[in-house]
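# Examination of the molecular architecture
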Amino acid sequence: QVRLVESGGGLVQAGGSLRLSCAASGSISSIRTMNWYRQAPGKQRELVATMSSGGSTNYVDSVKGRFTISRDNAKNTVNLQMSSLKPEDTALYFCNVIGTRDWGRTFNSWGQGTQVTVSL
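A quick note: this is a predicted structure, and the numbers were derived from the prediction, not measured.

### A closer look at the overall build of the protein chain
Summing up its helical and strand segments, the protein chain has zero helices and eleven strands in all. Secondary structure elements of the protein chain, listed N to C terminal, follow the sequence β-β-β-β-β-β-β-β-β-β-β. At 14 Å, the protein chain has a C-alpha radius of gyration in line with the 14 Å of a compact globule built from 120 residues. With respect to the three principal axes, the spread of C-alpha positions in the protein chain is 50 × 25 × 25 Å.

Structure, rendered in structure tokens:
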């Protein structure tokens, strides 16, 4: 089983910054994709940022230029640096990691979510 632990959420004023982190642990052989999703009240879960094992990244249009995803392959961690935060960024943010376990089976694991609240 692969476990994800997120940290770094909180309350911040509009224009401020936060850094989310997610650490994966367990029987991990390799990690393919590391993603950050978010879900605001009454809305569907949305893919915010993704990073492949090769380092390519993709972002939802609403966060381009403000959010940066990064990963540390040696530590199996993924981070999301969020800057110029807006009230519409308020959501529960989830880490999602896809890869293979020691015995070759694919895993698709989710974190428990960390709340980000941006006030005016």
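### Some remarks on the pattern of salt bridges
For side chains bearing opposite charge, pairing can occur when the charged atoms are close. Applying the stated criterion to the full structure yields four salt bridges. A salt bridge links Asp89 to Arg38; the shortest N-O distance between them is 3.0 Å. Highlighted residues: Asp89 in the loop between β8 (77–82) and β9 (91–101) and Arg38 in strand β4 (residues 28–39), separated in sequence by 51 residues. By relative accessible area, which is 1% here, Asp89 ends up buried. Across the pair Lys64 and Asp61 runs a salt bridge whose closest N-O atoms are separated by 2.9 Å. For Lys64, a relative accessible area of 45% gives the class partly exposed. Here the salt bridges do not stand alone but share partners, grouping Arg38, Glu46, Arg66 and Asp89 into one network.

### Quick word on the nonpolar core
The biggest cluster of nonpolar side chains holds 30 residues, and the ones touching the most others in it are Trp36, Phe67, Ile69, Leu80, Met82 and Tyr93. For this core, the elements supplying multiple residues, two or more each, are β1 (2–7), β3 (18–26), β4, β5 (46–52), β7 (67–72), β8, β9 and β11 (114–119). Setting aside residues no more than four positions away along its own chain, Met82 makes contact with Gly16, Ser17, Leu18, Leu20, Arg66, Phe67, Tyr93 and Val116.

### Considering the environment of Asp72
Tracing the backbone through its elements, the reader meets Asp72 in strand β7. We classify Asp72 as partly exposed; its relative accessible area is 27%.

### What about the state of the cysteines?
All chains considered together, the criterion is met by one disulfide. Bridging Cys22 to Cys95, the disulfide has an S-S length of 2.1 Å. What sets the handedness of the Cys22 and Cys95 disulfide is the S-S torsion sign, and at about -80° it is left-handed. You can see Cys22 sitting in strand β3 and its partner Cys95 sitting in strand β9, a full 73 residues away along the chain. For Cys95, a relative accessible area of 0% gives the class buried.

Cut-off values and rules
- Residues numbered from 1 in each chain as written.
- Predicted model: local features only at pLDDT ≥ 70, side-chain atom pairs only at ≥ 80, totals over all residues.
- Heavy atoms only, no water.
- Helix = DSSP H or I, 4+ residues; strand = E, 2+ residues; numbered from the N terminus.
- Rg over C-alpha atoms; globule rule 2.2 N^0.38 Å.
- Salt bridge = Lys/Arg side-chain N within 4 Å of Asp/Glu carboxyl O.
- Buried < 20%, exposed > 50% of the residue type's maximum accessible area, 1.4 Å probe, protein only.
- Core = buried A, V, L, I, M, F, W, Y, C linked by side-chain atoms within 4.5 Å.
- Contact = heavy atoms within 4.5 Å.
- Disulfide = S-S within 2.5 Å.

Shape descriptors only; they carry no functional weight alone.
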